[in-house]
Amino acid sequence: MNKTPNFAPALSPAIAIALALSAALGGCSGTAHKPEAPLEGARIGGAFTLTDQDGKTVKDTDFAGQHRIVYFGYSYCPDVCPVDLQKIAAGFALFEKQQPERAAKIQPLFITIDPERDTPAVLKQYVGAFHPRLIGLTGTPAQIKSVADAYLVMYKAQKPVGADAKGYLVDHSRQAYLMGPKGEPIALLPYDGSPEQIAAEIDKWTA
């Protein structure tokens, strides 16, 4: 069993205080306001240049104007990644049925943290098993480290055991980010929740 640690990113004290003050002031004013996004102002995300499952170069700017669902993992993950992706994909598929026009402006992305094994060909077969619109992204080890650092994702490959040098596991943090049209962080999606819960969160923060 892959005991993948859950390193969900914590908000800084400053952001947490700002959120608390915002909620308090909103309650006192008696005026309804759109709730502030949980990750608003957090330094998460940024520019990247990677390669998709078709071997094409992809940049973050290619998704300008679209919300993005971003999940990091790897195709050889024996348990955590496929379960998370299945739930995220089910939640997104449910949202597509509920809000097709808005869903068309959301791009789900799967970024590997195992570029040595996750070639474009491997990713093409992998992401196709979850959702037809899911884009798989890989790159050089340096490119993957850069984008993982930008998204506060930690990962570390375990040492191979035995004769199978490619049979190693990769420990990594688990986050499913909902990013805004400008690439700004909005919220963490409940990757371990039901499709209804995931769809509700997408609906809430993309309205």
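All values reported here derive from a predicted model rather than from experimental measurement. (Residues numbered from 1 in each chain as written. Predicted model: local features only at pLDDT ≥ 70, side-chain atom pairs only at ≥ 80, totals over all residues. Heavy atoms only, no water.)

**Quick notes on the environment of Ile186**
Thought 1: In this structure, Ile186 sits in strand β9 (residues 185-188).
Thought 2: When the C-alpha positions of Ile186 and Gly41 are compared, they lie 8.8 Å apart, and in sequence the two are 145 residues distant.
Thought 3: Contact partners of Ile186, with chain neighbours within four places excluded, come to Ala37, Pro38, Leu39, Glu40, His67, Leu178, Met179, Gly180 and Trp205. (Helix = DSSP H or I, 4+ residues; strand = E, 2+ residues; numbered from the N terminus. Contact = heavy atoms within 4.5 Å.)

**What about the pattern of salt bridges?**
Thought 1: By the definition in use, this model includes 6 salt bridges.
Thought 2: For the salt bridge of Lys124 with Asp54, the shortest nitrogen-to-oxygen distance reads 2.6 Å. Residue Lys124 is found in helix α4 (residues 120-127), and its partner Asp54 is found in the loop between β1 (49-52) and β2 (57-59); the two are separated by 70 residues along the sequence.
Thought 3: On the basis of relative accessible area, Lys124 is assigned to the partly exposed category, the value being 46%.
Thought 4: A salt bridge links Arg117 to Asp114, with the nearest nitrogen and oxygen atoms 2.6 Å apart. Each of the two residues, Arg117 as well as Asp114, counts as buried. (Salt bridge = Lys/Arg side-chain N within 4 Å of Asp/Glu carboxyl O. Buried < 20%, exposed > 50% of the residue type's maximum accessible area, 1.4 Å probe, protein only.)

**Some remarks on the confidence of the model for the protein chain**
Caution applies to low-pLDDT parts of the model: their predicted coordinates are not meant to be read in detail.
Thought 1: The pLDDT averaged across the protein chain works out to 86; a share of 81% of its residues lies at or above 70.
Thought 2: Within the model, pLDDT remains below 50 along residues 1-32, and this stretch shows 44 contacts once partners closer than five positions in the same chain are excluded. (pLDDT = per-residue confidence, 0-100.)

**Topic: the nonpolar core**
Thought 1: Residues Phe72 and Tyr151 are the most contacted members of the largest nonpolar core, which totals 53 residues.
Thought 2: Setting aside chain neighbours within four positions, we find Tyr151 in contact with Ile44, Gly45, Gly46, Phe48, Val70, Phe72, Gln175, Tyr177 and Met179. (Core = buried A, V, L, I, M, F, W, Y, C linked by side-chain atoms within 4.5 Å.)

**Regarding the environment of Leu123**
Thought 1: Assignment of secondary structure puts Leu123 in helix α4.
Thought 2: Judged by its relative accessible area of 0%, Leu123 is buried.
Thought 3: Along the chain, Leu123 and Ile135 lie 12 residues apart, while their C-alpha atoms are 8.7 Å from each other.
Thought 4: Not counting residues up to four positions away in its chain, the partners in contact with Leu123 are Gln53, Phe110, Asp118, Gly136, Leu137 and Thr138.

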